[in-house]
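Report on the structure
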Amino acid sequence: MSTSNKKILGILALFVVIVIVTAMSSNNFFRPYNIENLIKRISPYTVISIGAALVIITGGIDLSIGSVIALSGTILPYLLVNSGWSVAPAIGATLGVSALIGLMHGLLITKLRLQPFIVTLFGLLFYRGIARWLTNDQSTGFGNQFDGMRDIVTKSVSIPGFSFISIPNVLFLAVIIAVLAWVFLNKTIFGRYLLAIGRNEQAARFSGIHTDRYVIMTYILCSFLAGLGGILFALETNSVQPSGFGNFYELYAIAAAVLGGCSLRGGEGTILGTVIGAGVLQLLRNSINLLGIPSSLEYAVVGGVILIGAIADELFNRIATMRRVKHK
Amino acid sequence: MSRFALTALALVCVVSLAGCPSSASNSNSTSTEAKSGQPTFAFVTNCVADFWTVAEKGVEKAKQDLGVNAVVVMPNGDAVDQKNKVEDLIARGVDGIAISPKDPTNQGDMLKAISENALFITHDSDAPNSPRLCYIGMDNYQAGRLCGELIKEAKPDGAQICLFIGNIDQDNSKKRRQGLIDELLDRPADPVRFDPAVGVIKNDKYTILDTRTDNHDSAKAKELVQDAMSKYPEMDLVVGLFEYNPPILLDAVKGANRLKEITVVAFDENAQVLQGIKDGEVFGTVVQNPYDYGYKSIELLNEIYKGNKSAIPESGMIDIPARKITKGNVDEFWTDLKAKIGK
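Quick caveat: nothing in here was measured; it's all calculated off a predicted structure.

Attention now moves to the overall build of chain B. Looking only at helices and strands, chain B features 11 helices and 13 strands. In chain B, 70% of the contacts between residues at least 6 apart in sequence involve partners at least 24 apart.

Structural data, given as structure tokens:
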């Protein structure tokens, strides 16, 4: 079994353990209402985490995800409600702005040779500021309008024969994006390039790969997916407070990618692992609430699990290396 | 499968540790052990703050007095986090929820979901267009006007004022600030009026130079006060409109040695503010009664649960009015507060 498959198995085991522990302690966990909520929550996080994973795989980082979420979550209601745009151009413009943000990050990183941390740190502050300025620091949302559009994200479809549970629409979107990302990373030459760039960018460039082009592409994808995530969060919640919306979400996205086996040194990572990583984080938060663990401890528990995941991963790697050495 | 064993073991440790009552000294949740046969009610806040810790004491007292189960849930993030926590409470099957919605205009779906699954009341910040059974709290606009009255008492001949507040995108903060402005400018009440944060607002006596928002970041709040003192040398009165603002104002003004020139007016009952009023460093404050928000919410939910619908007033609101606290009545108020929170 390859290392990345073992990592996926590890994070899956973590997921299953949390499910078992929660289900044993709370009868309400497996209620359809809760499962649907969980799926609805995990889906948008999956979307933004995949973006973060692609950037991390090339050895980069994007700290601006939360602020791009705030900006896109602000722009969409602004265009629809305040400026009277129709739905398709408004969504198109919102995603377009997000992609342009990614393009700018990519150009600054590759052409000006600025460090990704600095460029996206600028983004973290700048886009949040723009979102707050744009709305005059007022909460924004769709009110009672655009229910049709919101239904696409908030409603669920029932499966014939399984009337007790229905599947939230947003899951389909997340699955489509995850599958596309998986195919892109594993079944196309471009995906191999990304991994090669993450392993050793210079070596990749000397092998004839246009590294700049692919790095720019990952930042565009990351910001685009963050923008899409912002739209999903805004449609689901229908309330965007520009000062707080999406705060820290980049850290959840990065944590999901790292839990899922992405190495911050680059060159390593899988989409499936990232998806499960995003699932673990949201599942944990749900468990904390269901088990009645004080909400003040929420961050501590999530942080603890991330640390334990990292330690377990490191120990496992060492044991595996020692075994290999012994066999030789 | 060493990885599996390790992660499983570690996780079980974390979860069991976190669930252990002895580790919950800084608890936001007043009940993890449900009393069987008794209803469970939830008191949901809009953020984590000392203000809500006082409300939590009220919830705890009601829980003891009435023999019911009650949990206090404090969302630590945005409207998304509040929604998630509410959904989890519904999934847990609580019988009633009292909530301070972060954005009542746009959270209609969440509020509807509460009403469909549990008894639903609002506290602190109302959602008048939702199917809530009752609102428990004060009128923030009127409380803002009270704060304006305090300013008029402190500076009857006029003042150059800066306002400091966590944000102005929340219903209660908007109304509180607007009430204050309307009172100073002697305007009649108007529920839809909103003066933007940018730009000077003035009449012949009072000038509001600026409204600065810190997004609940105390360190930033202090910087804003310090910068305002540099930018507006003529400023002679500062108002902190969220609970944590006034102590920061007091600290910054004291640090700059300008207590004689700049009057501090406060909102809420932070201990430093009450001490400041006693010492003559803060002119006065407008206090809410978070303890009663907590107590009355649980009490009302329990009455409705028992079928006593008459406990809901016809107006749909249980008014817990704000009060002005100045040097004359600070001792009496503080003694009562200490007795309630057991300090």
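A separate point is the interface of chain B and chain A. On the side of chain A, 50 residues touch chain B, which itself brings 50 residues to the contact. Here the side of chain B that touches chain A takes 13 residues from helix H1 (residues 2-19) of chain B, the largest share from any one element. Here the side of chain B that touches chain A is built from residues that sort into 20 nonpolar, 19 polar and 11 charged.

The subject of this paragraph is the nonpolar core. Counting 138 residues, the largest nonpolar core has Ala52(A) and Ile97(B) as the members making the most contacts within it. It is helix H10 (residues 211-237) of chain A that contributes the most residues to this core, 15 residues altogether. Beyond its immediate chain neighbours, meaning those up to four positions away, Ala52(A) contacts Asp62(A), Ile65(A), Cys222(A), Ala253(A), Ile254(A) and Ala257(A). Residues Leu241(B), Leu249(B), Val287(B) and Ile325(B) belong to the second largest nonpolar core, which totals 50 residues.

This next bit is on the domain arrangement of chain B. Residue and element names in this part refer to chain B. Each assigned domain of chain B is listed with its residue range as follows: domain 1 (26-137 + 290-312) and domain 2 (140-287). Placing the centre of domain 1 and that of domain 2 at their C-alpha centroids yields a distance of 30 Å. When grouped by side-chain class, the residues that make up the side of domain 1 that touches domain 2 number 4 nonpolar, 1 polar and 3 charged.

Another point: the confidence of the model for chain B. Residue and element names in this part refer to chain B. Chain-level pLDDT for chain B is 86 on average; 89% of the residues reach the 70-or-more range. Ignoring residues within four places in sequence, the model shows residues 1-10, a span with pLDDT below 50, making 21 contacts including any to other chains. Segment residues 12-33 is flagged for pLDDT under 50; beyond a separation of four residues in sequence, or across chains, it makes 40 contacts in the model. Scoring of the predicted complex yields 0.76 for pTM and 0.73 for ipTM.

This part covers the packing of helix H3 (residues 65-82) of chain A against helix H4 (residues 87-110) of chain A. Residues and elements named next belong to chain A. Where H3 contacts H4, the two axes come as close as 9 Å, and the packing angle between them is 155 degrees. With respect to H4, the element H3 is oriented roughly antiparallel. The interaxial crossing formed by H3 with H4 has right-handed handedness. On H4, the residues touching Val 68, Ser 72, Ile 75, Leu 76, Leu 79 and Leu 80 of H3 are Val 87, Ala 90, Ile 91, Ala 93, Thr 94, Val 97, Ser 98 and Ile 101. Considering only residue class, the contact of H3 with H4 consists of 11 nonpolar, 3 polar and no charged.

What follows deals with the sheet that holds strand S1 (residues 40-44) of chain B. All names here are of chain B. The sheet built from 6 strands is open, its strands ordered S2-S1-S3-S4-S5-S12 with parallel pairing. A single partner strand is all that each edge strand has here, and the edge strands are strand S2 (69-73) and strand S12 (317-319). Adjacent strand axes in the sheet meet at a mean angle of 20 degrees, parallel and antiparallel pairs treated alike. Where helix H2 (residues 50-66) meets the sheet, it contacts S1 and S2, and its direction lies at approximately 170 degrees from that of S2.

Side chains three or four residues apart in an α-helix point the same way, a direct result of the helix having 3.6 residues per turn. All names here are of chain B. When the terminal C-alpha atoms of helix H10 (residues 290-305) are compared, their 22 Å separation across 16 residues agrees well with the 22 Å that a helix rising 1.5 Å per residue should span. In terms of residue burial, H10 counts as a mostly covered element, since 14 of its 16 residues are buried. Just downstream of H10 lies Gly 307, where phi reads positive at about 100 degrees.

Residues and elements named next belong to chain B. If you trace the backbone, Ile 201 turns up in strand S7 (residues 201-202). Under the C-beta neighbour-count criterion, Ile 201 is labelled partly exposed, with 18 such atoms within 10 Å. A C-alpha to C-alpha distance of 16 Å links Ile 201 and Arg 176, two positions 25 residues apart in sequence. If near-sequence neighbours (up to four positions away) are discounted, Ile 201 is found in contact with Ile 181, Asp 195 and Ile 208.

Next up on the list: unusual backbone geometry. One non-glycine residue with positive phi stands out, namely Phe146(A), at about 55 degrees. Tracing the backbone shows Phe146(A) in the loop between helix H5 (116-134) and helix H6 (147-154). Of note, Asp124(B) is a non-glycine position whose phi angle comes to about 70 degrees, a positive value. With respect to the helices and strands, the residue Asp124(B) is situated in the loop between strand S4 (119-123) and strand S5 (135-137).

Position of Asn84(B) relative to the elements: it lies in helix H3 (residues 79-92). Residue class for Asn84(B) comes out buried when judged on the 22 C-beta atoms lying within 10 Å of it. Between the alpha carbons of Asn84(B) and Asp109(B) there is a distance of 13 Å; along the sequence they are 25 residues apart. The residues touching Asn84(B), leaving out its near neighbours within four places in the chain, are Arg41(A) and Arg285(A).

Residues and elements named next belong to chain B. Most of strand S6 (residues 159-165) sits out of view: 6 of its 7 residues are buried. Two strands pair when backbone bridges link them, and S6 and strand S8 (residues 206-213) are joined in this way by 7 bridges, in the parallel orientation. Looking at the pairing, Ile 165 lines up with Thr 213 of S8. In terms of strand pairing, S6 meets strand S9 (residues 237-240) through 4 bridges, oriented parallel. For Leu 163, the partnering residue across the bridge sits in S9 and is Val 239.

About the cut-offs
The residue count restarts for each chain, going from 1 along the sequence in the order it is written. Just so you know, chain letters begin at A and ligand numbers begin at 1, following the order they were written in. It should be noted that, the model being predicted, local features are given only for residues of pLDDT at least 70 and side-chain atom pairs only at 80 or more, the latter also being counted only at that level, while totals for whole chains, interfaces and linings use all residues. Helix numbers and strand numbers start at the N terminus; a helix is a DSSP run of H or I with at least 4 residues, a strand a run of E with at least 2. Contacts are defined on C-beta atoms placed from the backbone: any two residues whose C-beta positions lie within 7 Å are in contact. Gly counts as polar in this scheme, as do all residues outside two lists: the nonpolar Ala, Val, Leu, Ile, Met, Phe, Trp, Tyr, Cys and Pro, and the charged Asp, Glu, Lys and Arg. Residues of type Ala, Val, Leu, Ile, Met, Phe, Trp, Tyr and Cys that are buried and joined through C-beta atoms within 7 Å form what is called a nonpolar core. Three exposure classes are used. Buried residues have 20 or more other C-beta atoms within 10 Å of their own C-beta, exposed residues have 12 or fewer, and partly exposed residues fall in between, all C-beta atoms being placed from the backbone. All the domain ranges listed were derived from an automatic or database domain assignment. Confidence of the predictor at the level of single residues is given by pLDDT, which spans 0 to 100. To define axes, lines are fitted to C-alpha atoms, for helices over the stretch in contact only, and angles between the resulting N-to-C directions are given on a 0 to 180 degree scale. By definition in this entry, angles of less than 35 degrees are roughly parallel, angles greater than 145 are roughly antiparallel, angles of 65 to 115 are roughly perpendicular, and the rest are oblique. Left-handed is the label given to a crossing in which the near helix is rotated counterclockwise from the far helix by less than a right angle, and right-handed is the label when the rotation is clockwise. DSSP calls a pair of strands paired once it identifies at least 2 bridges connecting them. The length a helix should cover is 1.5 Å for every residue beyond the first.

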